There are 2 protein chains.
Amino acid sequence: MHTDLVAALDIGGTKIAGALVDGQGRILVRAQRATPAQEDGETVMRAVEEVLGELAASPLWDGARAVGIGSAGPVDAVAGTVSPVNVPGWRGFPLVARVRAVTGGLPVELIGDGVAITAAEHWQGAARGHDNALCMVVSTGVGGGLVLNGRLHPGPTGNAGHIGHISVDLDGDLCPCGSRGCVERIASGPNIARRALEGGWRPGPDGDTSAAAVAAAARAGDLVALASFERAAQALAAGIAATATLVEPDIAVVGGGVAKAGDVLFAPLRTALKDYATLSFVQQLTVVPAQMGTDAGLVGAAAAALTRKAGVPAV
Amino acid sequence: MHTDLVAALDIGGTKIAGALVDGQGRILVRAQRATPAQEDGETVMRAVEEVLGELAASPLWDGARAVGIGSAGPVDAVAGTVSPVNVPGWRGFPLVARVRAVTGGLPVELIGDGVAITAAEHWQGAARGHDNALCMVVSTGVGGGLVLNGRLHPGPTGNAGHIGHISVDLDGDLCPCGSRGCVERIASGPNIARRALEGGWRPGPDGDTSAAAVAAAARAGDLVALASFERAAQALAAGIAATATLVEPDIAVVGGGVAKAGDVLFAPLRTALKDYATLSFVQQLTVVPAQMGTDAGLVGAAAAALTRKAGVPAV
C-alpha cells in the first residue's frame, strides 16, 4: 500500500503522458497517447481521458490522492485553464475541472511544463539541495521554472520562470509571441538550425537540418555551426544573468534536446555568462546540465501534487 | 511608549539618513550626514556613527529593538557587508558588525536600497495589497526590488530585483557594470540626457543638461527629447516585461527622479509594455508612479527590521 501515491499528467504538443507516481518519485504505472494537436478541444480531451482511464484500470489507482498536471503553456492556475501554443483547440480550456470530473473529484494541481521540469530537478535532479535555482529546457522552444527560498515558485498563474520569452535584444527579430529578441527566438533548436543554414551551413547526405546535426557539424569544427551555437549561448547567458540579477539563483540547470549538444553549448554558455553576470552577487552562478530524463515532466507534476496533498500549497 | 520602534539607516552615495521609526511607519526622530563618498572606509563609517549617535541621544532610543539598513549596493546580507558602487572606500565593508557594535548588540537587518524602497511601497505606498510586485527607482541609476507571494523578496544576499542591470540589448553599449545593454545603461537619467545631447538637443540659457531639463523640452514638443525618453521607456518596458515573465508581478511601481517626468515617461512606457509583455499571464500588468517620497528608503529599512523583529525573517 502506497500512502503517498498521486497521478501525474505531462501534456505537450506531441504526447500526453500519464503515470501513477509514489512518494519517492517512482513511476509505478504508465500510459501515453499522441496529442491530436490539430484536432478540436474535445478530441484532445478524449486523449487525456484515455490516458487517465488506462491509469484507473490499475489496481493501484484507488490509492491516488491527487492529480498533478504539467502542461505546455501558457496555463492559468487561478482559472484552472490551459492554452498551449501548439494545441490551438485548447484556448482557455478548463482542464482542471475536466480532470477533476473524470477522476471522481480528486484535487488537481496545475503548473506549466517548465515549472514541472523544475520541480523534478529540484526534487531528484541537478537542483537538489539548492534553495534558489533556475531550471530550463532548451528544445523546440525554451521554457523554465524557478525554485526560490527552498520551494518551487510557480507564480500566481503557474507560469513563472518563463525565460524563453524574455527579450534580450529589444530591437531584435519578431518572436511568434509578439515581442522581439526573446531568448527562444535566438536559442531554440529551430533557430540554431535556421541561423546555421542562413550562414551557409549545409546538411550532410542524410539531409538532417536539426540542431543536433548543427551540433555534430560544430563538433567537427564547422565555423558557421559553431557560431550559431555561440549566438544561442550568448542569448541564454543574457537570460540566465537577468534571472540571476532578479532572483539570485545559485544554479542554472539546462536540459532539453539542444542541451544534448554538450560542450558545443555549455562551453560558450559559461564563457558568455562571465560577460553578462557581472555583479558580485551573481558571479558565483554555476550552469550544469539537467539530470532528469524524459520523465521529468511526470515526476515534476507528481511533486506538485504531493506538495499540495501535504497541505503546503505549491503556489 | 512605543512597543514597535526600530532604527533605520538609508545609506546612499550622497547622504546617510537615519531615523527612529514606529510600527506604523512614522518617523519620530531624524538625523542625516553627507556621505564622504570619496574618503576612506573609516571616514564613511564615522558619518554613520554620527547619525546613530544623534538618534541615540533621543530619549526614544532605548525603545529601539532592531536596526534596519537599506544600502546602495551591491550588499551581501549573508556576510553582512556592503560594496556601494559610488563609495569606493567600502568594498566588502562589514557594516552589519560595525552597526551592531555601535548599537550595543541590536539585531541588524541589511537589504539593498532598491529592496528597501520596495518594502516601503508595499507597506504604505503604491504596491500596498499586491502580493506580487516590482518596485523600481529610475534616477542616476536604476534599482528595484520584488514582493513575491505577499512578502518582500530580498533574495539570499539582499539584492534581488536589481532590474537596472539586466541586459535588454545583448549587443548594446558597454555598461560600467561590465555587461552590455543594461536597462540602466539606456534608461537612467544621465543616459537620457546623454542621448538627447548626442541627438542634437541643446539646453536652455540656464545650461541645465539634466534629464529633468530633457523632460521639460519633451513636454514642449522637442522631438529629440521625446525620442530619448521613448528609448528609455522601451528599455524599461523590456525589463519590466522580463521580470513579469519570470515572476509574475501584477504591478510595476516606478519612482525616482526620472519618473517625475510624468507622462513624458509613463505614456511611452505603457505603450512599449504592450510590445514586450505579450504572453497572456503578463498582459494585465499595470505600471504606476511610486507614492512614497524621499523617506521611502528609511521607511523600507524600518519595515525590514520590524519584520525581522516579529520573528519572520525578511529573507
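Residues numbered from 1 in each chain as written. Chains lettered and ligands numbered in written order. Predicted model: local features only at pLDDT ≥ 70, side-chain atom pairs only at ≥ 80, totals over all residues. Heavy atoms only, no water.

For chain A, the name recorded in an unreviewed UniProt entry is ROK family protein, with Streptomyces poonensis as its organism. Database annotation for chain A, UniProt heading Sequence similarities (unreviewed entry): "Belongs to the ROK (NagC/XylR) family." (UniProt positions renumbered as here; feature names shortened; annotations may be inferred.)

Caption draft 1: Local environment of the overall build of chain A. When helices and strands are counted, chain A shows 9 helices and 12 strands. Computed over its C-alpha atoms, the radius of gyration of chain A comes to 19 Å, within 12% of the 20 Å expected for a compact globule of 315 residues. C-alpha extents for chain A along the principal axes are approximately 55 × 45 × 35 Å. Across the 315 residues of chain A, 59% fall into the buried class. Put simply, of all contacts in chain A between residues at least 6 apart along the chain, 63% involve residues at least 24 apart. For chain A, the exposed area adds up to about 11,700 Å²; of that, 51% sits on carbon and sulfur atoms. Of the side-chain charges in chain A, 23 are positive and 29 negative, and the distance between the mean point of each set is 2 Å. (Helix = DSSP H or I, 4+ residues; strand = E, 2+ residues; numbered from the N terminus. Rg over C-alpha atoms; globule rule 2.2 N^0.38 Å. Buried < 20%, exposed > 50% of the residue type's maximum accessible area, 1.4 Å probe, protein only. Contact = heavy atoms within 4.5 Å. Areas by Shrake-Rupley, 256 points an atom, 1.4 Å probe, with all protein chains shown as cover. Lys, Arg positive; Asp, Glu negative; His and termini not counted. Charge placed at Lys NZ, Arg CZ, Asp CG, Glu CD.)

Caption draft 2: Representation of the relation of the copies chain B and chain A in the model. Under the fitted operation, chain B is carried onto chain A by 0.0 Å of movement along the axis and a turn of 180 degrees, and the coordinates agree to an RMSD of 0.0 Å. These values place the two chain copies in the arrangement generated by a two-fold rotation axis. Here 100% of the contact residues of chain B are again contact residues in chain A; the copies associate through an equivalent surface. (Least-squares fit on C-alpha atoms with pLDDT ≥ 70 in both.)

Caption draft 3: Examining the sheet that holds strand β7 (residues 108-112) of chain B more closely. All names here are of chain B. Spatial ordering of the open sheet is given by β3-β2-β1-β4-β7, a layout of 5 strands whose pairing is mixed. Bordering the open sheet on either side are β3 (27-34) and β7, each of which pairs with just one other strand. The mean inter-strand angle of the sheet, taken between neighbouring strand axes irrespective of direction, is 15 degrees. One ladder, built from 5 bridges, connects strand β4 (residues 64-71) with β7; its direction is parallel. Bridge assignment links Val67 to a residue of β7, and that residue is Val108. (Pairing = 2+ DSSP bridges. Axes fitted to C-alpha atoms, helices over the stretch in contact; angles between N-to-C directions.)

Caption draft 4: Structural view of the interface of chain B and chain A. Taken together, the contact pairs 43 residues of chain B with 44 residues of chain A. Buried surface at the junction of chain B and chain A, both sides included, amounts to about 3,600 Å², of which 61% is carbon and sulfur. Its largest share of buried area at the contact with chain A, chain B owes to Leu170, Leu246 and Glu248 of chain B, together 21% of the area lost on that side. Counting every contact that joins chain B to chain A gives 2 salt bridges. A salt bridge links Asp171 of chain A to Arg231 of chain B; the nearest nitrogen and oxygen atoms lie 2.8 Å apart. Summed over the shared surface of chain B and chain A, the result is 22 residue pairs in polar contact (both at pLDDT 80 or more). Of all the secondary structure elements, the ones that give two or more residues to the side of chain B that touches chain A are β9 (142-148), α7 (223-247) and α8 (263-276) of chain B. (Buried area = accessible area lost by both parts, 1.4 Å probe. Salt bridge = Lys/Arg side-chain N within 4 Å of Asp/Glu carboxyl O. Polar contact = N/O pair within 3.5 Å; in protein donor to acceptor, adjacent residues only side chain to side chain.)

Caption draft 5: Focus on the sheet that holds strand β11 (residues 251-255) of chain A. Residue and element names in this part refer to chain A. Taken in spatial order, the 5 strands make up an open sheet running β10-β9-β8-β11-β12, and their pairing is mixed. Of all strands in the sheet, those bounded by a partner on one side alone are β10 (151-152) and β12 (286-289). On top of the sheet, helix α3 (residues 113-124) reaches β8 (133-138), β9 (142-148), β10 and β11; it is set at about 50 degrees to β9, its chief contact.

Caption draft 6: The pattern of salt bridges, seen in detail. Applying the stated criterion to the full structure yields 19 salt bridges over all chains. Of the charged contacts, one joins Glu50 of chain B and Arg33 of chain B as a salt bridge, the two residues approaching to 2.7 Å between their closest N and O atoms. Of this pair, Glu50 of chain B sits in helix α1 (residues 41-56) while Arg33 of chain B sits in strand β3, placing them 17 residues apart in sequence. Salt-bridge contacts for Asp173 of chain B lead to Arg185 of chain B; the nearest nitrogen and oxygen are separated by 3.8 Å. Highlighted residues: Asp173 of chain B in the loop between β10 (151-152) and α4 (183-187) and Arg185 of chain B in helix α4, separated in sequence by 12 residues. Residue Arg185 of chain B is classed as buried on the basis of its relative accessible area of 16%. One network of salt bridges, in which partners are shared, links Arg33, Glu50 and Glu54 of chain A.

Caption draft 7: Quick peek at unusual backbone geometry. For the peptide bond that leads from Gly73 of chain A to Pro74 of chain A, omega is 0 degrees, which places it in the cis range. With respect to the helices and strands, the residue Pro74 of chain A is situated in the loop between β4 (64-71) and β5 (75-76). Of note in the backbone geometry, Asn149 of chain B takes a positive phi value of approximately 55 degrees without being a glycine. Along the chain, Asn149 of chain B falls in the loop between β9 and β10. With a relative accessible area of 42%, Asn149 of chain B lands in the partly exposed category.

Caption draft 8: Looking closely at helix α1 (residues 41-56) of chain A. All names here are of chain A. With 16 residues, α1 ought to run about 22 Å at 1.5 Å a step, and its terminal C-alpha atoms sit 22 Å apart, in line with that. Listed in full, the buried residues belonging to α1 are Gly41, Thr43, Val44, Met45, Ala47, Val48, Val51, Leu52 and Leu55. Those residues of α1 that are buried are in contact with β1 (5-11), β2 (15-21), β3 (27-34) and α2 (95-102). (Expected span 1.5 Å × (residues − 1).)

Caption draft 9: Main features of the packing of aromatic side chains. All names here are of chain A. Counted according to the given criterion, the structure contains 2 aromatic pairs over all chains. On the numbers, 4.7 Å between centres and 10 degrees between planes, the contact of Trp90 with Phe93 is stacked. With respect to burial, Trp90 and Phe93 carry one shared label: buried. (Phe/Tyr/Trp six-rings, centres within 6.5 Å; stacked < 30°, edge-to-face > 60°.)

Caption draft 10: Representation of the domain arrangement of chain A. Residue and element names in this part refer to chain A. Here the domain parsing of chain A yields domain 1 (5-111 + 295-309) and domain 2 (126-289). With centres defined by C-alpha atoms, the gap from domain 1 to domain 2 works out at 27 Å. Carbon and sulfur atoms supply 63% of the area buried between domain 1 and domain 2, which totals about 450 Å² over both sides. Where domain 1 packs against domain 2, one counts 0 salt bridges. Our enumeration of links across domain 1 and domain 2 arrives at 2 residue pairs in polar contact (both at pLDDT 80 or more). Considering only residue class, the side of domain 1 that touches domain 2 consists of 5 nonpolar, no polar and 1 charged. (Domains from an automatic or database assignment. Nonpolar A, V, L, I, M, F, W, Y, C, P; charged D, E, K, R; others polar.)

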